[in-house]
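# Working through the structure, step by step
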Amino acid sequence: MPTILAIETSCDETAAAVVQDGTRILSNVVASQAAKHAQFGGVFPEVASRMHVEVIYPVVQQALAEAQLPLARMDAIAVTRGPGLPGSLVVGLNMAKGLALGSGLPFIGVNHLEGHVYSLWLVEDTPPVRFPVLILIVSGGHTELILMTDHGAYTRLGGTLDDAAGEAFDKVGRLLGLPYPGGPAIENAARAGNPTTHKFPRAWLEDTWNFSFSGLKTAVLYEVKKQRPGVPFSAELETPLDPAQVPDLAASFQAALVDVLVGKTVKAAGHFGVTEIFVAGGVSANRALKAEFERQATCPVRVPPLRLCTDNAAMIAAAANFRFLNGQRDQLNLDALPNWRLV
Ligand code: KG4
Ligand code: ZN
């Protein structure tokens, strides 16, 4: 029953966690920088790396303290190697290398997307997974549809050709004058809105398992322009929309995006005859997405508990667990891979 300390710093959360057996969370500490980045309207990479440096040590200390275990009781140290922001990844990697060097413990580099996949395993007493399963990863940086046939065995069916789903939420949130991150803000605003008010386009990209959200984003932009006639381009960001318009725009945008994500994923699940659909990544926190999956799916759909949808280190430990059991041991000269693909 391995006990793994994992560190995650790929974007704007500084996180450390201790997980036993890939399923039992002993601690899961996340220091979010979102409030800081909100003032820039998005993640500011240099600020992110500096903030990681400031809090990484106390965050790791807290994860060990909450788990009530010293470093010496760990079986391995795991860390996110990529994909992510280079300057941010390096902070986590260096911390993990230092701990591994000092303790002599095995060191394991993990793919952040594989971490999101394994967030689905972080529930005790869940029914065992029967492969193949279809994985929809929807985060701020990625939208990927993946067939998983065994632990660590993935086939990529498709992904976004332009914006990731979370990125579309964030950009449209900005267009609507909502705070960063746009996903939760749009979900909240949409609750008071009518999703059928605006007929925004759905890019089905038939005969492929790919997605595209840039047309949808542009359609929202034109609708916003229409509702604020006479505002020059240079003043658009500073000129707020009439707040009364925001809920319908948010609900109609969310409905269009959710329609395509769910429709294509459910179709792929039928086509490939999977036993289950797994949804992971920040956007899987969205309640409209979960509700639509429940309405359309013809097989069970698993979504992580809310606090495990967005970035955290417990999911990195869960992915590292099966790699540890498979014998993966990395050298301490392991480099960051900012564009590392899962498959
Ligand atoms: O997985 P994640 O924490 O970080 C990346 O690996 O990118 O995902 C962050 C993304 C952001 O774009 C954020 O707007 C989106 O997840 N997000 C949501 C919700 N909560 C977070 N999108 C829609 N609805 C939500 N409730
Ligand atoms: Zn993520």
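Residues numbered from 1 in each chain as written. Chains lettered and ligands numbered in written order. Predicted model: local features only at pLDDT ≥ 70, side-chain atom pairs only at ≥ 80, totals over all residues. Heavy atoms only, no water.

Within the chain one finds 11 helices and 10 strands. For 343 residues, the compact-globule formula gives about 20 Å, and the C-alpha radius of gyration of the chain, at 20 Å, lands near that figure. C-alpha atoms of the chain, sized along the principal axes, occupy 65 × 45 × 30 Å. Taking all 343 residues of the chain together, 54% fall into the buried category. A separation threshold of at least 6 residues defines the contact pool for the chain, and within that pool the share at least 24 residues apart is 73%. (Helix = DSSP H or I, 4+ residues; strand = E, 2+ residues; numbered from the N terminus. Rg over C-alpha atoms; globule rule 2.2 N^0.38 Å. Buried < 20%, exposed > 50% of the residue type's maximum accessible area, 1.4 Å probe, protein only. Contact = heavy atoms within 4.5 Å.)

Taking 1.5 Å as the rise per residue, helix 8 (residues 246–272) with 27 residues should run 39 Å; its terminal C-alpha atoms sit 39 Å apart, in good agreement. Burial analysis of helix 8 places 21 of its 27 residues in the buried class, the great majority of the element. (Expected span 1.5 Å × (residues − 1).)

It is worth spelling out the confidence of the model for the chain at this point. The predicted model of the chain has a mean per-residue pLDDT of 96, with 100% of residues at 70 or higher. Element-level mean pLDDT values for the chain span from 90 in helix 1 (residues 34–38) up to 99 in strand 1 (residues 3–8). (pLDDT = per-residue confidence, 0-100.)

What follows concerns the site of ligand 1. As a structural note, the neighbourhood of ligand 1 is formed by 19 residues, with G140, D170, E187, G282 and N286 the closest of them. Within the side chain of H116, an N or O atom sits 3.1 Å from an oxygen atom of ligand 1. One of the side-chain N or O atoms of N286 is found 3.0 Å from a nitrogen atom in ligand 1. Coverage of ligand 1 by the protein amounts to 89% of the 560 Å² it exposes when considered alone. Only helix 4 (112–118), helix 5 (165–175) and helix 6 (182–190) provide two or more residues apiece to the shell around ligand 1. Of the residues in the shell around ligand 1, the class split is 5 nonpolar, 11 polar and 3 charged. (Near = heavy atom within 4 Å. Polar contact = N/O pair within 3.5 Å; in protein donor to acceptor, adjacent residues only side chain to side chain. Areas by Shrake-Rupley, 256 points an atom, 1.4 Å probe, with all protein chains shown as cover. Nonpolar A, V, L, I, M, F, W, Y, C, P; charged D, E, K, R; others polar.)

With that settled, the discussion passes to the pairing of strand 3 (residues 24–32). As judged from the 8 bridges shared by strand 2 (residues 13–20) and strand 3, these two strands associate in the antiparallel manner. By the bridge assignment for strand 3, T14 is matched with A31. As consecutive antiparallel partners, strand 2 and strand 3 are separated by 3 residues, and within that stretch D21 has a phi angle of approximately 65 degrees, a positive value. (Pairing = 2+ DSSP bridges.)

Time to look at the sheet that holds strand 5 (residues 107–111). Hydrogen bonds between backbone groups are what pair the strands of a sheet, and the pairing can be parallel or antiparallel. The mixed open sheet is built from 5 strands, whose spatial order is 3-2-1-4-5. Only two strands of the sheet have a single neighbouring strand rather than two, namely strand 3 and strand 5. With strand direction ignored, the average angle separating the axes of adjacent strands in the sheet is 20 degrees. Where helix 2 (residues 45–67) meets the sheet, it contacts strand 1, strand 2 and strand 3, and its direction lies at approximately 20 degrees from that of strand 2. Its contacts with the sheet put helix 3 (residues 86–103) on strand 1, strand 4 (76–82) and strand 5, and the angle it makes with strand 4 is roughly 160 degrees. (Axes fitted to C-alpha atoms, helices over the stretch in contact; angles between N-to-C directions.)

Here we take up helix 11 (residues 314–325). With 12 residues, helix 11 should reach 16 Å at 1.5 Å per residue; the first-to-last C-alpha distance of 17 Å fits that figure. Burial of helix 11 is extensive: 10 of the 12 residues sit out of reach of the surface. What helix 11 keeps buried is the set A314, M315, I316, A317, A318, A319, A320, N321, F322 and F324.

In total, this model carries 12 salt bridges according to the counting rule given. Between R287 and E187 there is a salt bridge; the shortest N-O distance is 2.8 Å. Highlighted residues: R287 in helix 9 (residues 287–296) and E187 in helix 6, separated in sequence by 100 residues. On the basis of relative accessibility, which here comes to 51%, the residue R287 falls in the exposed class. A residue is classified by how much of its surface remains accessible, and E187, at 10% relative accessible area, is buried. (Salt bridge = Lys/Arg side-chain N within 4 Å of Asp/Glu carboxyl O.)

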